[in-house]
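Structure at a glance
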Amino acid sequence: MNLANHRSLALALLALAAGMVATNARAAEQKSDAATTKEKAKTTASSAANLQKLMAQLTAQRDALIADHEALLKQYKEATEAQKKELLKKMESQRKAFEEVTSALQKQIADERRKQRQGVPPKR
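The notes below deal with the structure included here. (Residues numbered from 1 in each chain as written. Predicted model: local features only at pLDDT ≥ 70, side-chain atom pairs only at ≥ 80, totals over all residues. Heavy atoms only, no water.)

Looking only at helices and strands, the protein has two helices and zero strands in total. For the protein, the proportion of its 124 residues judged to be buried stands at 11%. A separation of at least 24 residues holds for 72% of the contacts in the protein among residues at least 6 apart in sequence. Carbon and sulfur atoms form 59% of the exposed surface of the protein, whose accessible area is close to 10,300 Å². (Helix = DSSP H or I, 4+ residues; strand = E, 2+ residues; numbered from the N terminus. Buried < 20%, exposed > 50% of the residue type's maximum accessible area, 1.4 Å probe, protein only. Contact = heavy atoms within 4.5 Å. Areas by Shrake-Rupley, 256 points an atom, 1.4 Å probe, with all protein chains shown as cover.)

The next point concerns the packing of aromatic side chains. Tallied over the full model, the rule gives zero aromatic pairs. Between the NZ or CZ atom of Lys84 and the centre of the ring of Tyr76, over which it lies, the distance is 5.2 Å. (Phe/Tyr/Trp six-rings, centres within 6.5 Å; stacked < 30°, edge-to-face > 60°. Lys NZ or Arg CZ within 6 Å of the ring centre and 35° of its normal.)

Where charged atoms from two side chains of opposite charge approach closely, those side chains can pair. With the rule as written, the count across this model stands at six salt bridges. When the shortest N-O distance is used, the salt bridge between Arg62 and Asp63 registers 3.4 Å. Take Arg62: its relative accessible area is 41%, and that puts it in the partly exposed class. Where salt bridges share partners, they join Glu92, Arg95 and Glu99 into one cluster. (Salt bridge = Lys/Arg side-chain N within 4 Å of Asp/Glu carboxyl O.)

Here we come to the nonpolar core. Of all hydrophobic cores here, the largest spans five residues; its members are Leu51, Leu54, Leu58, Leu105 and Ile109. Those elements that provide at least two residues to this core are helix H1 (2–77) and helix H2 (81–119). It is H1 that provides the largest number of residues to this core, a total of three residues. (Core = buried A, V, L, I, M, F, W, Y, C linked by side-chain atoms within 4.5 Å.)

The next subject is the environment of Ala79. Take Ala79: it is sitting in the loop between H1 and H2. Judged by its relative accessible area of 15%, Ala79 is buried. Contact partners of Ala79, with chain neighbours within four places excluded, come to Lys84 and Leu87.

Spanning 39 residues, H2 covers 57 Å between terminal C-alpha atoms, matching the ideal 57 Å at 1.5 Å per step. What H2 keeps buried is the set Leu87, Met91, Phe98, Thr102, Leu105, Ile109, Glu112 and Gln116. (Expected span 1.5 Å × (residues − 1).)

This is the structure we're talking about:
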């Protein structure tokens, strides 16, 4: 009878140990999930900050172009025919440069938004 009690006790201890291992594994998995979630939150936050910086750059570029264009327009009103042609060329080149810069910034903004969407879990 003593041997039967030892077997039962050994089986109970084995089951208890297996339960503890499973509990520890679940706890470790939850910790890694929490760490992954924190990392995604940091990435999303930095992506949001990058997005704000890009939007500020875009706004600054737009404001600079408007100011330059207004200055050239004032000069154009008082210019001779030869100067008007030069001013028109200058305005056109500034417009093209602005479009290139704006296009590049808009692509970066789209990339940042795509990164943000990838970091967010899908809605159910």
